[in-house]
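# Commentary on secondary and tertiary structure
Now for the letters of each chain:
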Amino acid sequence: MIITHHFSAILTASVAIFEWTEVDFITFLKTAAKSAELTPVSAVSFSFVPQGISAVLLLKESHVALHFWPEEEKVTIDIHVCDYQQSNQEKAKLLAKILALQLSGDDSIERWNYLCITG
């Protein structure tokens, strides 16, 4: 049986990230994933003209997608982590907290939507 954990949120962006580049977002996502004991395997990002950045980090356990909307002062984040050989729910929750703290200055995950799917 496979269980997946999905966390998603729209956060108010911290002033600190307004100067970040694609490389900064990818580096941050990789570091955050490793801190949550998840395994990054690949990444891609794209800068929009005139503004905005999307970054996706592929994990051994699944993926994280981030979209920065500077004109709205928002960051959207989607975390999808699977439980193939072990429970990874706490790792996904920790990743959400790490991302929220750095990107919005608040590590509360109360504003996050959570969905667990079993199949």
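Residues numbered from 1 in each chain as written. Predicted model: local features only at pLDDT ≥ 70, side-chain atom pairs only at ≥ 80, totals over all residues. Heavy atoms only, no water.

## Side note on the pattern of salt bridges
Operational definition: Think of a salt bridge as a Lys or Arg side-chain nitrogen and an Asp or Glu carboxyl oxygen that are within 4 Å of each other. Helix and strand assignments follow DSSP, with helices taken as H or I runs no shorter than four residues and strands as E runs no shorter than two, numbered in order from the N terminus. Exposure categories follow from relative accessible area, calculated using a 1.4 Å probe and restricted to protein chains: below 20% of the type maximum is buried, above 50% is exposed, and the middle band is partly exposed.
One pass over the full model with this rule turns up 2 salt bridges. One salt bridge connects Lys93 with Glu90, and the closest N-O pair in it is separated by 3.8 Å. Of this pair, Lys93 and Glu90 both sit in helix H2 (residues 89–104), 3 residues apart, which is roughly one turn of the helix. Of the residues examined, Lys93 reaches a relative accessible area of 26% and is grouped as partly exposed. We classify Glu90 as exposed; its relative accessible area is 54%.

## Examining the environment of Thr39
The criterion, for reference: We call two residues contacting when some pair of their heavy atoms lies within 4.5 Å.
Tracing the sequence through the fold places Thr39 in the loop between helix H1 (22–35) and strand S2 (40–47). Once the C-alpha coordinates of Thr39 and Ser62 are considered, the two residues, 23 residues apart in sequence, prove to be 9.1 Å apart. Look past the residues within four positions of Thr39 in its chain and what remains in contact with it is Leu58, Leu59, Lys60 and Glu61.

## Some words on unusual backbone geometry
Put simply, Val49 and Pro50 share a cis peptide bond, and its omega is 15°. With a phi angle near 155°, Ser62 is a residue other than glycine that sits in the positive phi range. Along the chain, Ser62 turns up in strand S4 (residues 62–69). Taking relative accessible area as the criterion, Ser62 reaches 13% and is therefore assigned buried.

## A few points about the packing of aromatic side chains
Quick note on the threshold: Under the pairing criterion, centres of Phe, Tyr and Trp rings, with the six-membered ring standing for Trp, must be within 6.5 Å; the plane angle then separates stacked pairs below 30 degrees from edge-to-face pairs above 60, leaving the rest tilted.
Per the stated rule, a full pass over the model turns up 6 aromatic pairs. Taking the centre distance of 5.2 Å and the plane angle of 85° together, the rings of Phe18 and Phe68 count as edge-to-face. Here Phe18, found in the loop between strand S1 (3–12) and H1, pairs with Phe68, found in strand S4; they are 50 residues apart in sequence, far enough to count as distant. Note on Phe68: relative accessible area 5%, which makes it buried. With a centroid separation of 5.0 Å and 70° between ring planes, the pair formed by Trp20 and Phe25 is classed as edge-to-face. The pair formed by Trp20 and Phe25 is uniform in burial state, with each residue classed as buried.

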